[in-house]
Amino acid sequence: ATPTSIMVGTGKGAEMGVLFRGGDALQALRGTQVVAMDKTGTLTRGRPELTDLHVAEGVEESQVLSLAAGLEQHSEHPIAEAIVRAARERGLRLESAAEFNAEPGMGASGRVAGKGLLIGADRYLAREGIDTAPLARHAEGLADAGRTPLYLAADGRAIAVLGVADPVKDGAREAVARLREQGLQVVMVTGDNRRTAQAIARELGIEDVVAEVLPDGKVDAVRRLQEGGRRVAFVGDGINDAPALAQADVGIAIGSGTDVAMESADVVLMSDNLGNVPNAIALSRATIRNIK
Ligand code: ADP
Ligand code: MG
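Residues numbered from 1 in each chain as written. Chains lettered and ligands numbered in written order. Predicted model: local features only at pLDDT ≥ 70, side-chain atom pairs only at ≥ 80, totals over all residues. Heavy atoms only, no water.

Undergrad: Mind showing me how you'd approach the coordination of the magnesium ion (ligand 2) here?
TA: Under ideal tetrahedral coordination, the four donors around a metal are separated by 109.5 degrees; under ideal octahedral coordination, the six donors are separated by 90 or 180 degrees. Looking at the magnesium ion (ligand 2), the protein donor atoms are Asp38 (OD) and Thr40 (O), and they sit 2.1 to 2.2 Å from it. Judged by relative accessible area, which is 2%, Asp38 ranks as buried. (Donors = N, O, S within 2.8 Å, 3.2 Å for Na, K, Ca; no water. Buried < 20%, exposed > 50% of the residue type's maximum accessible area, 1.4 Å probe, protein only.)

What follows is the structure in structure tokens.
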């Protein structure tokens, strides 16, 4: 009965928008103990908006925004897009950067309007020896509200903190609750600020958070979760996390994701509906039960 049940299970999956790439995927999913989930674009909508701007003394908001956006127009990061959009909405004219350098998982640097700029995470400024203390309370307040704080430095001085918000997806909280009812440990894995990640995890009912991982670090995070032979599924959109999808026992790509996610995944969710993660687990359990 084995091949038939798997065919039936695979067919049922397809009806609800869950593509199992090969019968192995359906079987592998059944043994899953841990579901690790990317945050940005997987648990959250992945389209951040600029919501806050705190400037240091003597600094103008519009200048901050045009410098930041001037630099970020050369970056493809969703955070960069949020900053550029906000500047355009305010009718600011953006000067191109004379130099630009992206630092994955950290931020970006370059030269705009004669100033040496740096924008990104607190750890990035710290690495470059820039003091963030005068603006830190603004950054912490943003992070505790689930927003991502970014520092802007000009010529070695932190001149502003910008806040971006990326709301959680509809149904994400319910999907997490169902996974936990299924007896699974749910872990959020993200490159984002620890406090921000913890605030969002709290909103979603997730207890375990691995934050501030560099893009290469997501694979290590999966490996650590696999220690002791635990079987880990990783859910991601392929932005930064294709290697983690491949490392996991089962890689689950969400449908609005990238081609590379589809290629690295064992299971593809055709829609943004995170409820299909517990649905897929339930289906794998029901299907394999039939085989026995
Ligand atoms: P995630 O895993 O959440 O998708 P990333 O690894 O892409 O995160 O980025 C981690 C952090 O690095 C961001 O939260 C941000 O603080 C910083 N960062 C990366 N790229 C940029 C950028 N272009 N502008 C500002 N900050 C950036
Ligand atoms: Mg993502």
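Here the narrative resumes.
Undergrad: Sorry if this is basic, but what is going on with helix 5 (residues 78-89) here?
TA: In an α-helix there are 3.6 residues to a turn, and that puts residues three or four apart on one side. A rise of 1.5 Å per residue sets the reference length of helix 5, with its 12 residues, at 16 Å; its end C-alpha atoms lie 16 Å apart and thus fit the reference within 8%. Just downstream of helix 5 lies Gly91, where phi reads positive at about 75°. (Helix = DSSP H or I, 4+ residues; strand = E, 2+ residues; numbered from the N terminus. Expected span 1.5 Å × (residues − 1).)

Undergrad: What exactly am I supposed to notice about the side chain of Asp166 here?
TA: Its place among the elements puts Asp166 in the loop between strand 8 (157-165) and helix 8 (172-181). Buried and unpaired, Asp166 has no salt bridge, with Lys39 as the nearest side chain of opposite charge at 5.0 Å. Looking at Asp166, its side chain comes within polar contact range of the main-chain nitrogen of Gly46, at 2.8 Å. Among residues more than four places away in sequence, those in contact with Asp166 are Thr40, Gly41, Thr44, Arg45, Gly46, Arg47 and Pro48. (Lys, Arg positive; Asp, Glu negative; His and termini not counted. Salt bridge = Lys/Arg side-chain N within 4 Å of Asp/Glu carboxyl O. Polar contact = N/O pair within 3.5 Å; in protein donor to acceptor, adjacent residues only side chain to side chain. Contact = heavy atoms within 4.5 Å.)

Undergrad: When you look at the pattern of salt bridges in this model, what are you seeing that I'm missing?
TA: Note on pairing: side chains with opposite charge can pair once their charged atoms come close. Counting across every chain of the model gives 15 salt bridges. Salt-bridge contacts for Lys218 lead to Asp38; the nearest nitrogen and oxygen are separated by 3.2 Å. Of this pair, Lys218 sits in helix 10 (residues 217-226) while Asp38 sits in strand 2 (residues 34-38), placing them 180 residues apart in sequence. For the pair shown, Lys218 and Asp38 are each scored as buried. Sharing partners across several salt bridges, the network here consists of Arg47, Glu49 and Arg85.

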